[in-house]
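Residue strings, one per chain:
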Amino acid sequence: MRGVVFDGEGRVRVSELPDPKVESPGDAIVRVTRSAICGSDLHLLHGKAPMEPGEPLGHEAVGVVESVERVRPGDRVAVAFNVACGHCWFCGNGQSALCDDDAIFGYGIFGGGLPGAQAERLRVPNADVNLIRVPDGVSDEAAVFVGDVLTTGFYGASLAGAGPNDVVAVLGCGPVGFCTIEGLRVLGAPTVYALDREPSRLALAEAAGAIPVHVDERNPVTALAEATDGRGADVVIDAVGHPVAFEGGIDTVRRGGSVVVLGVYSSETTELQLGAYWSRALTLRFAGLTPVLAWWGRATAALERGEVDPTPLISHRLPLEDAAEGYALFDRREATKVVLEP
């Protein structure tokens, strides 16, 4: 079969890979109908996590079950990006991302060595818990968001714990930020500000119900202070995963407020003045990997009801063979979301 592989720092290519096979009871082989390039794939592209040339990439996929032990062949399914066992203490308590056997598709040794989802076929361990059936009225293009970014948005929105009078600021309006805004709306957050410097992303955020703030044209701290009688945002969600965003969130949140760190971090560092955090009574909530199994049912139901629609994020639809072009577009910030079709 054909699949996307890491080809050295800054490079990917499409290569012939071994066809996946059922290795353990509960495995499923999924014929991939859509996969996508995620912002966290760029971390691998630029060496933020260890990858060897030739290792398969990708962790977002939707497809059709072909060979299986428990899930019904022919089912159209979305794939959880971080697979779990489904029966350990963490899985049983809604924290599947902390599973004893957690692994991530297409993340090399850092993710447990699972092959990538940007391929024609994919072996999914523990398929009964790591696949979810896609409702008939939901397209493949919408469903490809369920296994990661849309569910991550719902999870991040839930961590905000926003009350009916709270003001929430989302830093970064890429796919995760956009889906967080959609999740906040569904979960009842009344006032959401979207902070970014890309006009196209701000336009998408505004269409999703957020109030846009172009951070190069208007100081976000001032903007949020003016919107809240001087106190600042009640909750700030860092949907970027960059120290500048984290530090900006600390500046933007009010005294006694909360900062939710949803963006992906690995080796980045920043200095913390602990006294400032202590005296301002700030709450920091690091999201970690999304516990997909606890949240993707709600995200899928919202899709089916038409309450959310992540497909406006899709800026490019490319055949799998053009994956290198898709990575380049994403890396240059000329794409909001690239969907690949095998």
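Residues numbered from 1 in each chain as written. Predicted model: local features only at pLDDT ≥ 70, side-chain atom pairs only at ≥ 80, totals over all residues. Heavy atoms only, no water.

A. Looking closely at the pattern of salt bridges. Following the criterion strictly, the structure yields 20 salt bridges and no others. A single salt-bridge network, built from bridges that share partners, covers Arg2, Glu16 and Glu321. (Salt bridge = Lys/Arg side-chain N within 4 Å of Asp/Glu carboxyl O.)

B. Looking closely at the environment of Thr191. Inspection of the secondary structure assignment puts Thr191 in strand β11 (residues 191–196). Since its relative accessible area comes to 25%, Thr191 is described here as partly exposed. Distance in space between the C-alpha atoms of Thr191 and Asn165 is 7.9 Å, their sequence separation being 26 residues. Not counting residues within four places of it along the chain, the set of residues in contact with Thr191 comprises Asp166, Val167, Val168 and Ile211. (Helix = DSSP H or I, 4+ residues; strand = E, 2+ residues; numbered from the N terminus. Buried < 20%, exposed > 50% of the residue type's maximum accessible area, 1.4 Å probe, protein only. Contact = heavy atoms within 4.5 Å.)

C. The packing of aromatic side chains, seen in detail. Applying the stated rule across the entire model yields two aromatic pairs. Measuring from ring centre to ring centre gives 5.1 Å for Trp89 and Phe90, while their planes differ by 85 degrees; the resulting arrangement is edge-to-face. Take Phe90: its relative accessible area is 27%, and that puts it in the partly exposed class. Summarising the aromatic geometry, the rings of Tyr107 and Phe110 are spaced 5.9 Å apart at their centres and angled 40 degrees between planes, so their arrangement reads as tilted. Under the relative-accessibility criterion, Tyr107 is labelled buried at 6%. (Phe/Tyr/Trp six-rings, centres within 6.5 Å; stacked < 30°, edge-to-face > 60°.)

D. Examining the packing of helix α5 (residues 149–160) against helix α11 (residues 292–305) more closely. Contact geometry for α5 and α11: axes closest at 8 Å, N-to-C directions at 105 degrees. Between α5 and α11, the crossing angle belongs to the class labelled roughly perpendicular. Where α5 abuts α11, its residues Leu150, Thr151, Phe154, Tyr155 and Ser158 lie against Val292, Trp295, Trp296, Arg298, Ala299, Ala302 and Leu303. (Axes fitted to C-alpha atoms, helices over the stretch in contact; angles between N-to-C directions. Parallel < 35°, antiparallel > 145°, perpendicular 65-115°, else oblique.)

E. View of the sheet that holds β11. Strand order in the open sheet made by the six strands is β12-β11-β10-β13-β14-β15, with parallel pairing throughout. Each end of this open sheet is capped by a strand with a single partner; those strands are β12 (211–214) and β15 (283–286). Taking the axes of each pair of neighbouring strands and ignoring which way they run, one obtains an average angle of 20 degrees across the sheet. For strand β13 (residues 233–238) and strand β14 (residues 253–261), the ladder comprises five bridges, and the chain directions are parallel. (Pairing = 2+ DSSP bridges.)

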